Amino acid sequence: MSSKPQSYYVPAQSTWPIVAAIALFLIALGAGLTVQTMAEGGSASLFSKIILGFGFLFLLYVLARWFSNVITESMTGLYSAQISRSFRQGMSWFIFSEIMFFGAFFGALFYARLISVPWLAGASNNAMTHEVLWPAFEAIWPLTTTPDGTTTMAMGWAGIPLKNTLILLLSSVTLHMAHVSLERNKRMALIVWLEITIVLAFFFLYFQAAEYIHAYEELGLTLDAGIYGNTFFLLTGFHGLHVCLGTIFLIILLARVAKDHFTPKDHFAFQAGSWYWHFVDVVWLCLFIFVYVL
């Protein structure tokens, strides 16, 4: 490994950002077509499945090549202390942007529960609008009855949601133990704790898929099941996507650990993955409380 440069390293121009944007567009297009077809009572078309599947595979390819470039730059000694500080600042701002992302969705949930539902029920001297728009409406949450009279069932907090909460809390503990093992240069313990974390992540994703199947087939809870169904799938769905990305991140870290890329004093990539995973866990705790319990 060559000595680290004293000046600020500026990488060559890269096409990966625009290529990643194309992959994300394909995912959004495929997901939109799939959801639209399912909301109309049909099954996803072959075209939408191909677009969605190709988008995910394309994104994985882009991330693999992009991460490979960054890892190569790091391992060849091109990064200085200033670059390390830039990475930390960039990851901090990225997590802050994710907080704002989920904050907007939680804001929509709180607005619906605390303002829209009471207003529709005639609160704040709004009895006339209540009688005109929905005379039989009652201000209760979860709102499982739509204006056309369709009734669904709410997802309870016990069962799969509680199980997934315990799984994610345990995964935070195991990842912290992996981080401690890395700082103490205990390689075998690091690998074992990190592998346990990845297994727990896959369990979470499996149980969330089972929860969605239960919601659709047994509760009648779908995307078109009014504001409750919309907010439920919006919040849990985006969180599940973040868990999926975090799991990929952890798998990449495990591969790098196997190649001995990290040292007790130089392992920011591992720290970044740890920050992201703990953030995902905190978001789920908020989801569990405000979507499932309250």
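Residues numbered from 1 in each chain as written. Predicted model: local features only at pLDDT ≥ 70, side-chain atom pairs only at ≥ 80, totals over all residues. Heavy atoms only, no water.

As a reminder of what qualifies: UniProt positions are given in the numbering used here, feature names are shortened, and annotations may be inferred rather than shown by experiment.
Under an unreviewed UniProt entry, the name given to the protein is cytochrome-c oxidase, and the source organism is Vibrio scophthalmi. The annotation that UniProt attaches to the protein under Sequence similarities (unreviewed entry) is "Belongs to the cytochrome c oxidase subunit 3 family."

1. Observations regarding the overall build of the protein
The following threshold applies: Numbering goes from the N terminus for both helices and strands, where a helix is a DSSP run of H or I of at least four residues and a strand is a run of E of at least two. Relative accessibility under 20% of the residue-type maximum defines a buried residue, over 50% an exposed one, and the middle range a partly exposed one, all with a 1.4 Å probe and only protein chains included. Here a residue-residue contact requires only that any non-hydrogen atoms of the pair lie within 4.5 Å. For every accessible area listed, the method is Shrake-Rupley and the probe measures 1.4 Å; residues are considered covered only by the protein chains on display.
When you go through the protein residue by residue, the secondary structure sums to eight helices and zero strands. Starting at the N terminus, the α and β elements of the protein follow one another as α-α-α-α-α-α-α-α. The proportion of buried residues among the 294 residues of the protein is 37%. Look at the contacts in the protein between residues 6 or more apart in sequence, and 73% of them connect residues 24 or more apart. Accessible area of the protein: about 16400 Å², with a carbon and sulfur share of 70%.

2. So, the confidence of the model for the protein
Keep this limit in mind: Within a predicted model, pLDDT stands for the predictor's per-residue confidence, ranging from 0 to 100.
Residues with a pLDDT of 70 or more make up 88% of the protein, whose mean pLDDT is 84. Averaged pLDDT values for the elements of the protein fall to 61 in helix 4 (residues 127-133) and rise to 94 in helix 5 (residues 160-183).

3. So, empty space enclosed by the protein
Cut-off, in case you're wondering: A 1.4 Å probe that fits but cannot get out identifies a cavity on a 1 Å grid over protein atoms alone, an open set with protein on both sides within 12 Å along at least five of seven lines counts as a pocket, and a residue lines either if it has an atom within 4 Å of a point. Grid points are joined across faces, edges and corners, and a volume is the space filled by probe spheres set on the points.
Counted under the stated rule, the structure contains one cavity of 30 Å³ or more. Computed from the structure, the largest cavity encloses a volume of approximately 30 Å³. For the lining of the largest cavity, the secondary-structure elements that each account for two or more residues are helix 7 (226-258) and helix 8 (268-293). Among the elements that take part in the lining of the largest cavity, helix 7 stands out by supplying three residues, more than any other.

4. Some points on the packing of helix 5 against helix 8
Selection rule: A fitted line through C-alpha atoms represents every axis, and for helices the fit uses only the stretch in contact; the resulting angles, taken between N-to-C directions, go from 0 to 180 degrees. An angle below 35 degrees is treated as roughly parallel, one above 145 as roughly antiparallel, one from 65 to 115 as roughly perpendicular, and anything else as oblique. The hand of a helix crossing depends on one turn: near helix anticlockwise from the far one by less than a right angle means left-handed, and clockwise means right-handed.
Running from N to C, helix 5 and helix 8 point in directions that differ by 160°, and their axes come no closer than 10 Å. Judged by the inter-axis angle, helix 5 sits roughly antiparallel to helix 8. In the crossing of helix 5 with helix 8, the sense of the turn from one axis to the other is left-handed. Contact residues: P161, L162, N164, T165, L168, L169, S171, S172, L175, A178, H179 and L182 in helix 5; F270, Q271, G273, S274, W277, H278, D281, W284, L285, F288 and Y292 in helix 8.

5. A short note on the UniProt feature "transmembrane region" (unreviewed entry) in the protein
Cross-referencing UniProt, the feature "transmembrane region" (unreviewed entry) maps to residues 50-72, 93-112, 154-176, 188-207, 227-254 and 275-293 in the present numbering. In residues 188-207, the share of helix is 100% and the share of strand is 0%. The end C-alpha atoms are 29 Å apart. Strand forms 0% of residues 275-293 and helix 100%; the C-alpha atoms that close the span are 26 Å apart.

6. Points about the packing of aromatic side chains
Using the following cut-off: Any two of the Phe, Tyr and Trp rings considered here, Trp counted by its six-membered ring, make a pair once their centres fall within 6.5 Å; the pair's planes then place it as stacked at under 30 degrees, edge-to-face at over 60, or tilted in between.
With the rule as written, the count across this model stands at 29 aromatic pairs. Aromatic side chains F87 and F268 sit 6.4 Å apart centroid to centroid with 20° between the ring planes, which places their arrangement in the stacked category. With F87 in helix 3 (residues 81-120) and F268 in helix 8, this residue pair connects regions lying 181 residues apart in the sequence. The partly exposed category is assigned to F87, whose relative accessible area is 33%. Three or more aromatic residues joined by ring pairs form one cluster here, namely W157, F204, Y212, Y216, Y228, F232, F233, W284, F288 and Y292.

7. What to know about helix 7
Where we set the bar: In this analysis, the expected span of each helix is defined as 1.5 Å times one less than the number of residues it contains.
The terminal C-alpha atoms of helix 7 lie 48 Å apart, and with 33 residues this matches the ideal 48 Å at 1.5 Å per residue to within 8%. Immediately beyond the C-terminal end of helix 7, within one or two residues, lies D260, with a positive phi of roughly 60°.

8. Here's the deal with the pattern of salt bridges
Stated precisely, the cut-off is as follows: For this document, the term salt bridge refers to a Lys or Arg side-chain nitrogen within 4 Å of an Asp or Glu carboxyl oxygen.
Here the structure, examined in full by the defined rule, presents one salt bridge. In this structure, R187 engages D260 in a salt bridge whose closest nitrogen and oxygen atoms are separated by 3.5 Å. Pair noted here: R187 is in helix 6 (residues 187-219) and D260 is in the loop between helix 7 and helix 8, with a separation of 73 residues, a long-range link. Note on D260: relative accessible area 52%, which makes it exposed.

9. Quick look at the nonpolar core
The condition that has to hold: Buried residues of nine kinds, namely Ala, Val, Leu, Ile, Met, Phe, Trp, Tyr and Cys, make up a nonpolar core once their side-chain atoms join them within 4.5 Å.
If you look at the biggest cluster of nonpolar residues, it comprises 49 residues, and the most contacted ones within it are M155, L194, L221, F232 and F270. At the level of elements, helix 3, helix 5, helix 6, helix 7 and helix 8 are the ones that each hand at least two residues to this core. Ranked by residue count, the leading element in this core is helix 8, at 13 residues. Residues within four places of L221 in sequence aside, it is in contact with T152, M153, M155, A215, Y216, Y228, G229, F232 and F233.

10. What to know about a nonpolar patch on the surface
Cut-off, in case you're wondering: A patch is a set of surface residues, each over 30% in relative accessible area and not in a salt bridge, joined within 9 Å for like charges and within 5 Å for the nonpolar side chains Val, Leu, Ile, Met, Phe, Trp and Tyr.
The grouping of W157, L162, L166, L169, L285, I289, V293 and L294 at the surface amounts to a nonpolar patch, some 670 Å² of accessible area in total. For the nonpolar patch, the secondary structure elements donating two or more residues are helix 5 and helix 8. Looking at where V293 falls in the secondary structure, it is placed in helix 8. V293 sits in the partly exposed class, given a relative accessible area of 40%.

11. Let's talk about the side chain of H239
Looking at the element boundaries, H239 is found in helix 7. Excluding its chain neighbours within four sequence positions, the residues that come into contact with H239 are F102, L168, F204, V280, V283, W284 and L287.

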